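# Results of the structural survey
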Amino acid sequence: MKTEHPPLQISTRYPQQIPLVYEDENLLLVDKPPGLGMHQEGQEHGIVTLLNRQCDTEQLYPVHRLDKITSGLLLLAKHKDSARELSQQFAQRQIEKYYLAMTDSKPIKKQGTVIGDMKKARGGAWMLSKTRQDPAITQFFSCSAGVAKRLILLKPYSGKTHQIRVMLKSLGSPILGDRLYKGNQADRTYLHAFALRFQSAGKIHEFIQPPSEGEHFLTQDCMQAISDYTPPWTMPWPVLHQGNRE
């Protein structure tokens, strides 16, 4: 028998049905829409509550998080054992994460590694410092995605708050639509969780989910650039040297 729930008060901006990418007895993988938070904010429910109702589950366990502005692959566990296994893999950096971002300001270099500690700045923002006591580490490639647009493929090795957004700002190429970090106005913030590769219950999982929202993501030039980055784990990622930015 299904559990009866009171009707949800959901903003019309968010779909009633969150797109499901994969599901088994241990985990749920969804394509999170941009602008939808992880948890309740005022009268607006977050994605965890919406998925509990949509899938008729008592409790789902988010094992990582995406910023409200970010779309793409979000992984949730269905029970505590799976949550423990996946959370541990995230903590130990055993799960490969890949993101796509778009900018209209060319970065100061086409590819490389950016390493630095994160420090709080004004107005809820963060900034990258030159110290490396507990650094955020991100590798990236960039390519043209049409006139005055660059598509950035990113592989973060750590999971710091606003890590990718701060890193791109430090390269002189804030994400299009990211007003907190001085990105130019757009129809959305152009950051998308593109791919995941991980192990669960002894099985290797590989998922790729191109963005489905955002006029600049959906141009022919950008879609070709995304295709060139697929699958992202076969790209010639530079050797990681934590003592260097390059």
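The structure under discussion appears in the preceding block.
Residues numbered from 1 in each chain as written. Predicted model: local features only at pLDDT ≥ 70, side-chain atom pairs only at ≥ 80, totals over all residues. Heavy atoms only, no water.

### What about the pattern of salt bridges?
With the rule as written, the count across this model stands at eight salt bridges. Note that Lys 78 and Glu 23 form a salt bridge whose closest N and O atoms lie 2.6 Å from each other. Here Glu 23 lies in strand β1 (residues 20–23) and Lys 78 lies in the loop between β4 (71–77) and α2 (80–91), a separation of 55 residues in the sequence. For Lys 78, a relative accessible area of 26% corresponds to the partly exposed category. A residue is classified by how much of its surface remains accessible, and Glu 23, at 39% relative accessible area, is partly exposed. For Arg 84, the salt bridge is made with Asp 81, and the minimal N-O distance between the two is 2.9 Å. Of this pair, Arg 84 and Asp 81 both sit in helix α2, three residues apart, which is roughly one turn of the helix. The residues Arg 84 and Asp 81 share a single accessibility class, namely exposed. Through salt bridges with shared partners, a single network forms among Asp 67, Arg 165 and Asp 178. (Salt bridge = Lys/Arg side-chain N within 4 Å of Asp/Glu carboxyl O. Helix = DSSP H or I, 4+ residues; strand = E, 2+ residues; numbered from the N terminus. Buried < 20%, exposed > 50% of the residue type's maximum accessible area, 1.4 Å probe, protein only.)

### Some remarks on the nonpolar core
One broad rule of soluble globular proteins: the nonpolar side chains tend to lie buried together. Judged by nonpolar contacts, the single largest core of 51 residues is most densely connected at Val 30, Ile 47, Leu 51, Leu 151, Leu 153, Leu 154 and Leu 168. Take this core: its biggest share by element is five residues, from strand β5 (residues 96–103). Once you skip the residues sitting within four places of it in the chain, Leu 168 turns out to touch Ala 101, Ile 152, Leu 154, Ser 173, Pro 174 and Ile 175. Core analysis: the second largest hydrophobic core is formed by 14 residues, Leu 27, Leu 75, Ile 95 and Leu 196 among them. (Core = buried A, V, L, I, M, F, W, Y, C linked by side-chain atoms within 4.5 Å. Contact = heavy atoms within 4.5 Å.)

### Quick word on the packing of aromatic side chains
Between two aromatic rings, the relevant description is the distance of the centres plus the angle of the planes. Scanning all chains against the criterion turns up six aromatic pairs. Here Tyr 22 and Phe 207 contribute two aromatic rings whose centre-to-centre distance is 5.2 Å and whose plane-to-plane angle is 45 degrees, an arrangement assigned as tilted. Of this pair, Tyr 22 sits in strand β1 while Phe 207 sits in strand β12 (residues 203–208); the two residues are 185 residues apart in sequence, bridging distant segments of the chain. Overall, Phe 207 belongs to the buried group, its relative accessible area being 13%. An aromatic cluster of three or more residues is present, and its members are Tyr 98, Phe 141, Trp 233 and Trp 237. Over the aromatic face of Tyr 190 sits the side chain of Arg 188, whose NZ or CZ is 5.7 Å from the ring centroid. (Phe/Tyr/Trp six-rings, centres within 6.5 Å; stacked < 30°, edge-to-face > 60°. Lys NZ or Arg CZ within 6 Å of the ring centre and 35° of its normal.)

### Let's talk about the pairing of strand β11 (residues 191–200)
With eight of 10 residues buried, β11 is to be regarded as a mostly interior element. Relative to β11, β5 runs antiparallel, the two sharing six bridges. Looking across to β11, one finds that Tyr 98 is bridged to Ala 195. As paired elements, β11 and β12 share six bridges and run antiparallel to each other. Within β12, the residue paired with Arg 197 across the bridge is Glu 206. Between β11 and β12, which pair antiparallel in sequence order, lie two residues; one of them, Ala 201, sits at a positive phi of approximately 50 degrees. (Pairing = 2+ DSSP bridges.)

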